[in-house]
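# Geometric and topological summary
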Amino acid sequence: MTAPGGHEFTVTASRDVHIGRVVGLRVDEVVMPGGGTASREVVEHLGAVAVCALDDEGAVTLVHQYRHPLGDRLWELPAGLLDHDGEDAVTAARRELVEEAGIEARRWDTLVDIAASPGFTDEVVRVFLARDLVRVDRQVHGEEEADLVVDAVPLERAVRMALSGEIVNGATVGGLLAAHAVLTGGEEVAPRSPDAPWRHRPTRFAARER
């Protein structure tokens with residue numbers, strides 16, 4: 001047995017259980033440190049982007065939308081899937097911000113990358129900070145987006161909503177806390193460039209579609 005932290009978790013076999021429109025489920029047989037193997041269920045995902053859009057008054061744009069797995073409407077940052085072949089993350093974020101909130105931004109930074117639940121899914125969401133905002137017409141796509149309620153709330157209030165449990169979406173919680181840290185932490189707390197390397201961007205499910 002290798003020393004802790006040195007084992008290579010190689011995959012000896014893999015089988016597909018379900019391949020859907022935006023996710024796939026596979027089961028991998030993975031070599032464990034003791035020499036045996038264990039089955040690991042993996043939900044493959046396209047990946048996504050979210051946008052913390054802050055106006056000049058320090059208000060952040062939130063959308064209130066229905067999420068069927070939870071059976072409830074949630075307050076979230078504008079967000080969307082990386083479902084356009086060849087589209088880079090910041091371009092996807094620009095598109096989603098227009099579609100969901102009717103906003104364009106002149107200044108973009110990368111805030112955080114959020115692994116949704118790495119115990120069973122490769123989904124990672126990149127959250128951007130968007131500033132210097134301009135209002136434009138929304139480009140609504142489909143019935144779900146037509147049902148969205150869009151609001152702007154002071155960032156500090158949004159942070160309190162996250163801490164109180166009123167906001168539970170992981171990428172939204174992480175993005176709000178990161179934005180607050182960037183705005184209040186001085187030069188030592190700086191966001192990354194909008195095209196910063198994204199090591200854990202999901203690729204496997206998108207490769208299946210191609």
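This text follows the structure it describes.
No experiment lies behind these values; they were computed from the predicted model shown. (Residues numbered from 1 in each chain as written. Predicted model: local features only at pLDDT ≥ 70, side-chain atom pairs only at ≥ 80, totals over all residues. Heavy atoms only, no water.)

## What about the packing of aromatic side chains?
Here the structure, examined in full by the defined rule, presents one aromatic pair. Residues Trp108 and Phe128 carry aromatic rings whose centres are separated by 6.0 Å and whose planes lie at 80° to one another, so their mutual orientation is edge-to-face. Here Trp108, found in strand S8 (residues 103–115), pairs with Phe128, found in strand S9 (residues 124–135); they are 20 residues apart in sequence, far enough to count as distant. The burial state of Trp108 is the same as that of Phe128; both residues are buried. (Phe/Tyr/Trp six-rings, centres within 6.5 Å; stacked < 30°, edge-to-face > 60°. Helix = DSSP H or I, 4+ residues; strand = E, 2+ residues; numbered from the N terminus. Buried < 20%, exposed > 50% of the residue type's maximum accessible area, 1.4 Å probe, protein only.)

## Comments concerning the pattern of salt bridges
Tallied over the entire structure, the rule returns 15 salt bridges. The partner of Arg26 in a salt bridge is Asp28, with the nearest N and O atoms 3.0 Å apart. Here the two residues Arg26 and Asp28 agree in accessibility, since each one is buried. The partner of Arg95 in a salt bridge is Glu99, with the nearest N and O atoms 3.8 Å apart. Of this pair, Arg95 and Glu99 are both found in helix H1 (residues 89–101), four residues apart, which corresponds to roughly one turn of the helix. As far as burial versus exposure is concerned, Arg95 and Glu99 are alike and both buried. (Salt bridge = Lys/Arg side-chain N within 4 Å of Asp/Glu carboxyl O.)

## Some points on the sheet that holds strand S3 (residues 37–45)
Taken together, three strands build an open sheet; the order of strands is S1-S2-S3 and the sheet is antiparallel. Edge positions in the open sheet fall to strand S1 (11–19) and S3, since each of these has one partner strand only. Across this sheet, the average inter-strand angle for adjacent strands is 20°, counted without regard to direction. Across nine bridges, the pairing between strand S2 (residues 23–31) and S3 is antiparallel. Of the residues in S3, the one forming a bridge with Asp28 is Arg40. (Pairing = 2+ DSSP bridges. Axes fitted to C-alpha atoms, helices over the stretch in contact; angles between N-to-C directions.)

## Some details on the packing of helix H3 (residues 155–163) against helix H4 (residues 170–184)
With their axes 9 Å apart at the nearest point, H3 and H4 run at an angle of 140° to one another. In terms of orientation, H3 and H4 fall into the oblique class. Our pair here, H3 against H4, has a crossing hand that is left-handed. Taking contact as the criterion, the partners of Leu155, Glu156, Ala158, Val159 and Ala162 in H3 are, on H4, Val173, Leu176, Leu177, Ala179, His180 and Leu183. For the contact of H3 with H4, a count of residues per class yields nine nonpolar, one polar and one charged. (Parallel < 35°, antiparallel > 145°, perpendicular 65-115°, else oblique. Left-handed = near helix turned anticlockwise from the far one by under 90°. Contact = heavy atoms within 4.5 Å. Nonpolar A, V, L, I, M, F, W, Y, C, P; charged D, E, K, R; others polar.)

## Examining the pairing of S9
The pairing of strand S4 (residues 48–53) with S9 spans six bridges and is classified as parallel. When the sheet's bridge partners are listed, Cys52 is paired in S9 with Leu129.

## A look at the sheet that holds strand S5 (residues 59–67)
Read from one edge of the open sheet, three strands run S6-S5-S10, paired in antiparallel fashion. Both outer strands of the open sheet, strand S6 (72–76) and strand S10 (149–154), are each paired with one neighbouring strand and no more. Geometrically, the sheet is characterised by an average inter-axis angle of 30° between neighbouring strands, direction not taken into account. As defined by bridge partners, S5 adjoins S10 across six bridges and the pair is classed as antiparallel.

## So, the side chain of His7
Among the structural elements, His7 can be located in the segment before S1. Excluding anything up to four places from it in sequence, His7 contacts Thr2, Val31, Met32 and Pro33.

Function-wise, these values are silent; they only describe arrangement.
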